[in-house]
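Structure at a glance
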Amino acid sequence: MTKSPAVPSPTRRFGFLLLEKYSMIAFANALEVLRMANLLSHQPLYSWTVATMDGSTSAASNGLTVNEHGGLAELDLCDVVFVCGGVEVQKAITAELVQDLRRRVVRGQPLGALCTGTHALAAAGVLDGYRCAVHWENLLALRESHPRVHFALEVYVVDRDRITASGGIAPLHLMINLVRSHHGNKLAMEISEQFIVDRVRDQTDQQKLPQPEFVGPGYEHLVEAAELMAANIEEPLSLCEIAAAAGISLRQLERLFHRYYNVTPAQHYLALRLRRARELLAHTSAPIMHVTVACGFQTASHFCKAYRALFGHSPSDHRRQGGGQGAVHLAGENIAPHRLVPEHRPQERPH
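Residues numbered from 1 in each chain as written. Predicted model: local features only at pLDDT ≥ 70, side-chain atom pairs only at ≥ 80, totals over all residues. Heavy atoms only, no water.

If you check an unreviewed UniProt entry, the protein chain appears there as GlxA family transcriptional regulator from Azohydromonas caseinilytica.

Side note on the pairing of strand β1 (residues 12-18)
Burial analysis of β1 places five of its seven residues in the buried class, the great majority of the element. In this structure, β1 lies alongside strand β2 (residues 46-51), joined through six bridges in parallel fashion. For Phe16, the partnering residue across the bridge sits in β2 and is Val50. With respect to chirality, the unit in which β1 leads through helix α1 (residues 24-41) into the neighbouring parallel β2 is right-handed. Relative to strand β3 (residues 80-84), β1 runs parallel, the two being bridged by five bridges. Bridge pairing in β3 places Gly15 opposite Val81. (Buried < 20%, exposed > 50% of the residue type's maximum accessible area, 1.4 Å probe, protein only. Helix = DSSP H or I, 4+ residues; strand = E, 2+ residues; numbered from the N terminus. Pairing = 2+ DSSP bridges. Right-handed = clockwise from strand over helix to strand, strands pointing away.)

Observations regarding the side chain of Ser314
Its place among the elements puts Ser314 in the loop between α13 (300-311) and α14 (315-320). A polar contact is formed between the side chain of Ser314 and the backbone nitrogen of Asp317, at a distance of 3.1 Å. When near neighbours in sequence (up to four residues on either side) are disregarded, Ser314 contacts Tyr307 and Arg308. (Polar contact = N/O pair within 3.5 Å; in protein donor to acceptor, adjacent residues only side chain to side chain. Contact = heavy atoms within 4.5 Å.)

Quick word on helix α3 (residues 95-106)
With 12 residues, α3 should cover 16 Å at 1.5 Å per step; its first-to-last C-alpha distance of 17 Å lies within 8% of that length. Burial in α3 covers these residues: Leu97, Val98, Asp100, Leu101 and Arg104. For α3, the angular spread of buried residues about the axis comes to 165 degrees, placing them on one side. Structural note: α3 exposes Ala95, Gln99 and Val106 on the side pointing more than 90 degrees away from its buried face. Turning to α3, the residues buried within the fold contact β1, β3, α2 (89-92), β4 (111-114) and α4 (117-123). Just past α3, the residue Gly108 takes up positive phi, approximately 85 degrees. (Expected span 1.5 Å × (residues − 1). Arc of directions from axis to C-beta.)

Looking at the confidence of the model for the protein chain
Averaged over every residue, the pLDDT of the protein chain is 84; the share at 70 or more is 85%. Note that pLDDT drops below 50 for residues 1-5; the model gives that stretch zero contacts with residues more than four away or on any other chain. Overall, residues 323-351 carries pLDDT values under 50, and its contacts beyond four positions in sequence, including any with other chains, amount to 79 contacts. (pLDDT = per-residue confidence, 0-100.)

Thoughts on the nonpolar core
Counting 49 residues, the largest nonpolar core has Leu17, Leu19, Leu101, Leu121, Phe151, Leu253 and Tyr261 as the members making the most contacts within it. Top contributing element to this core by residue count: helix α8 (residues 219-231), with six residues. Taken together, domain 1 (12-195) and domain 2 (213-322) each give at least three residues to this core, which thus spans both. Listed in part, the 40 residues of the second largest apolar core include Ala30, Met36, Tyr156 and Leu187. (Core = buried A, V, L, I, M, F, W, Y, C linked by side-chain atoms within 4.5 Å. Domains from an automatic or database assignment.)

So, the pairing of strand β7 (residues 156-159)
Regular strands place their side chains on alternate faces of the sheet. Here β7 shows a buried face lined by Tyr156 and Val158 and a second buried face lined by Val157 and Asp159. Summarising the sheet, β7 and strand β8 (residues 162-165) pair through four bridges and their orientation is antiparallel. If you follow Tyr156 over to β8, its bridge partner there is Ala165. Following β7, the chain reverses through two residues before pairing antiparallel with β8; Arg160 in that reversal takes a positive phi of roughly 55 degrees.

Set out below in structure tokens:
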């Protein structure tokens, strides 16, 4: 029997709209993953179009420029358009930009943002009702000015047809996971090896907030509470115990977690335990029941239910898939909902 020739993978088209003083590191990290995917696969899996608002040169925050670029119309045929922001992004958000982003949404074109490009999407109103990522430095201010947007602390977020990355090297992790969802774990791992990335972060990983005093009142108590949670995984403390050890009330603890992390203390603690479980599943041969106990779960059924809710697959599926990260998809593809299933513990209920 004659073997049928392999069908080439379709080329996915990415667009990058460079705003004035955009972040070069965020843009380059995203673009280089696409280039490496093409190089390693020996196929044109991805193409990209770089544009500016008026088609002229736009300087990055480091003063460098990209010469090969076009205007807004050249982004119309892209499968997704990323707005690349940087410093002084507010000055780059013009009425023309807002109108263009809204037009793309009407046309059904998926949108993304790198670094402070999320500002532009929020200003255009095209993030209302979505979860999104933005650099921690801008997190609190944006939550105040755009209450209809769910600004998350994750390094990147894929929510339906909105794809946002917080900045720095976060776009590299985002793009590797997009490649994984399109072309499998093998190519994604080969890309990470080429870039000497020890661990590819997925969309459950959170940014680490800085700890200096200027972060805000009460943050030192939040840090102490989070450290207590991380140090007590196998035998979780009650929230009342954590609050007392941090020198605050349970209500204060809840307010701090909501302000800085936008989750409840119980959700944060559960996520810590589940991420520890994921690490054990990926890097040890311990039976799933041992992982269940080591991460403070009283029953395997609750562990499996909570694990699936956060990562989109069961612990056994994770093992069978070789410890691969959760799938990330472009618009139009199903994405596991980001939700946590808190374990019911009587001692954790507010009095």
